Amino acid sequence: MDLRQTVWLVAFLNLSYFGVEFTGARAIGSVSLFADSVDFLEDAAINLLIGMTLMASATVRARVGRCLAILILIPGLATIWTAWSQFQAPSPPQPILLSVTGAGALAVNLACALLLTRFRASRGSLTRAAFLSARNDALANVAIVAAGLVTAFLWRSAWPDLIVGLAIAALNADAARDVWRAAGREADVNQA
């Protein structure tokens, strides 16, 4: 499978699981699932943009890479808003559904990361953005599953979910910084 086919498949997988996770987040009132569901939507958009700009010049790819860096921050901002709402009236999400939904998200993100691994350095900032998003999301999903288990067996509180949701926002901020720098390097090479 070539890069174009891979990013289209990854976009489809992300868009599909967005619907599953967003519905689950709304049903159980989970900040971390909400953050991750928005992240699935963002990942679908990133991969769609990559698929459309693969044949573009390095200058265009660098500009799109910078736009993607900004796009990666959006789930973090949505998470902060959702977390603020949860701080106002904290209630723990249903822990088993939290863990099961997080495990499904982990399976999808691991599949996406594996699909993108061989391309992560082949097209500069664009493919780096897609790979980092999938990798970070898999790490976030492990934390979501753990938050559900902690809530179920150790600490019946909204805090494990809130902490993981805010950590997802921090991961997205770090990925955005990395993609921004990669886009800058790509632009610098093109100008040289």
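Chemist: What exactly am I supposed to notice about the confidence of the model for the protein chain here?
Modeler: Should pLDDT be low for a region, the predicted coordinates there are not to be read in detail. Summing up the model confidence of the protein chain, the mean pLDDT is 86 and the portion of residues at 70 or higher is 95%. Element-level pLDDT for the protein chain is lowest in helix α6 (residues 159–191), with a mean of 79, against a maximum mean of 95 in helix α4 (residues 95–117).

Chemist: Honestly, the packing of aromatic side chains in this entry has me stumped. Any pointers?
Modeler: Two numbers describe a pair of aromatic rings. These are the distance of the centres and the angle of the planes. Tallying each qualifying case throughout the model produces four aromatic pairs. Aromatic pair Tyr17 and Phe40: ring centres 5.3 Å apart, planes at 55°, arrangement tilted. With a gap of 23 residues between them, Tyr17 in helix α1 (residues 3–28) and Phe40 in helix α2 (residues 31–53) connect regions that are remote in the sequence. Residue Phe40 is classed as buried on the basis of its relative accessible area, which comes to 1%. Within the aromatic cluster, the residues linked to one another by ring pairs are Phe18, Phe22 and Phe34. Directly above the aromatic system of Trp180 lies the positively charged group of Arg66, at a separation of 4.6 Å from the ring centroid.

Chemist: What should I look at first to understand the environment of Asp178 in this one?
Modeler: One can find Asp178 in helix α6. Taking the C-alpha atoms as reference, Asp178 lies 19 Å from Ala44; in sequence the two are 134 residues apart. Those residues in contact with Asp178, other than ones at most four positions away along the chain, are Arg128 and Leu132.

Chemist: Just to check I follow, could you spell out a nonpolar patch on the surface for this structure?
Modeler: Residues Leu77, Ile80, Trp81, Trp84, Phe87, Leu149, Phe153, Leu154, Trp155, Trp159, Ile163 and Leu166 make up a contiguous nonpolar surface patch of roughly 1,400 Å² in combined accessible area. Those elements giving two or more residues to the nonpolar patch turn out to be α3 (58–88), α5 (125–153) and α6. Mapped onto the elements of the fold, Trp84 is located in helix α3. Given the relative accessible area of 52%, Trp84 is considered exposed.

Chemist: In this structure, what is going on with the nonpolar core? I would like to understand it.
Modeler: Note that soluble globular proteins tend to have their nonpolar side chains buried in a common cluster. Within the largest apolar cluster, 27 residues are counted, with the highest numbers of intra-cluster contacts made by Ile46, Ile50, Ile72 and Leu116. For this core, the elements supplying multiple residues, two or more each, are α1, α2, α3, α4, α5 and α6. Those residues in contact with Ile46, other than ones at most four positions away along the chain, are Leu68, Leu71, Ile72, Ala129, Ala130 and Ser133. One finds Ala35, Val38, Ile144 and Ala147 within the second-largest nonpolar core, a separate group that totals twelve residues.

Chemist: Explanation requested: the packing of α2 against α3 in the structure shown.
Modeler: How two helices pack is summed up by the angle between their axes together with the distance between the axes. Axis separation between α2 and α3 bottoms out at 9 Å; the angle between their running directions is 165°. In terms of orientation, α2 and α3 fall into the roughly antiparallel class. Crossing of α2 against α3: the hand is right-handed. Of the residues in α3, those in contact with Val31, Phe34, Ala35, Val38, Asp39, Glu42, Ala45, Ile46, Leu49, Ile50 and Thr53 of α2 are Arg61, Val64, Leu68, Leu71, Ile72, Pro75, Ala78, Thr79, Thr82, Ala83 and Gln86. A per-class count over the contact of α2 with α3 returns 15 nonpolar, four polar and three charged.

Chemist: Sorry, what's going on with α2 here?
Modeler: Given a rise of 1.5 Å per residue, 23 residues ought to cover 33 Å, and the 33 Å separating the end C-alpha atoms of α2 matches this to within 8%. Among the 23 residues of α2, 18 are classified as buried, and the element is accordingly described as predominantly covered.

About the criteria used
Residues numbered from 1 in each chain as written. Predicted model: local features only at pLDDT ≥ 70, side-chain atom pairs only at ≥ 80, totals over all residues. Heavy atoms only, no water. pLDDT = per-residue confidence, 0-100. Helix = DSSP H or I, 4+ residues; strand = E, 2+ residues; numbered from the N terminus. Phe/Tyr/Trp six-rings, centres within 6.5 Å; stacked < 30°, edge-to-face > 60°. Buried < 20%, exposed > 50% of the residue type's maximum accessible area, 1.4 Å probe, protein only. Lys NZ or Arg CZ within 6 Å of the ring centre and 35° of its normal. Contact = heavy atoms within 4.5 Å. Patch = residues over 30% accessible without salt bridge, like charges linked within 9 Å, V, L, I, M, F, W, Y side chains within 5 Å. Areas by Shrake-Rupley, 256 points an atom, 1.4 Å probe, with all protein chains shown as cover. Salt bridge = Lys/Arg side-chain N within 4 Å of Asp/Glu carboxyl O. Core = buried A, V, L, I, M, F, W, Y, C linked by side-chain atoms within 4.5 Å. Axes fitted to C-alpha atoms, helices over the stretch in contact; angles between N-to-C directions. Parallel < 35°, antiparallel > 145°, perpendicular 65-115°, else oblique. Left-handed = near helix turned anticlockwise from the far one by under 90°. Nonpolar A, V, L, I, M, F, W, Y, C, P; charged D, E, K, R; others polar. Expected span 1.5 Å × (residues − 1).

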